[in-house]
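What the coordinates show
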Amino acid sequence: MNKVIKLGMLFNEGEAPDFGSIEQNPRYSGEYSLLAADIPKLNSMLTRSSCLSYLSNTADLPIMSGSTALVLDEPAVWRYHTGTDRWYEVVKNYD
């Protein structure tokens, strides 16, 4: 079976989750960017528990505590915490 790489993780082709607009910084695996419409996918698709069922090798999981996700079309930043396996909004501009 062919493999495909998404967000730094190796999946079987056709079995990779839909991460929408979420992209990984090519220089640092702990940084991501996304559009506001895909914020729900942070906690539904880009967590340890959700990705492990798709991965062929658990060593391929790049999500670590302190990973950040910058929302490009909204002034918001989210941060991942491994202990809770969740993303939390840490910066929001409420003009």
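Above: the structure in question.
Per-chain numbering applies: the sequence of each chain, read as written, is numbered from 1 onward. Only residues with pLDDT of 70 or above have their local features reported here, since the model is predicted, and side-chain atom pairs are shown and tallied only from 80 upward, although totals for entire chains, interfaces and linings are computed over all residues. Based on all heavy atoms of the structure, the side-chain values leave hydrogens and waters out of the count.

**Here's the deal with the packing of aromatic side chains**
- Ring pairs are drawn from Phe, Tyr and Trp, using the six-membered ring of Trp, whenever the two centres fall within 6.5 Å, and their geometry is named by plane angle: stacked under 30 degrees, edge-to-face over 60, tilted for the rest. Summed over all chains, the structure comprises three aromatic pairs.
- Aromatic pair Phe11 and Phe19: ring centres 6.2 Å apart, planes at 50°, arrangement tilted. Summarising the burial analysis for this pair, Phe11 and Phe19 share the class buried.
- Where Tyr80 meets Trp87, the ring centres are 5.4 Å apart and the plane angle is 50°; that geometry is what we call tilted. Residues Tyr80 and Trp87 agree in their burial class; the two are buried.
- An aromatic cluster is built from Tyr32, Tyr80 and Trp87, whose rings are joined through pairwise contacts. The cut-offs for exposure are 20% and 50% of the maximum accessible area for each residue type, with area from a 1.4 Å probe on protein chains only; residues under the lower value are buried, those over the upper are exposed, and the others partly exposed.

Note that all results are geometric; they support no functional claim without further evidence.
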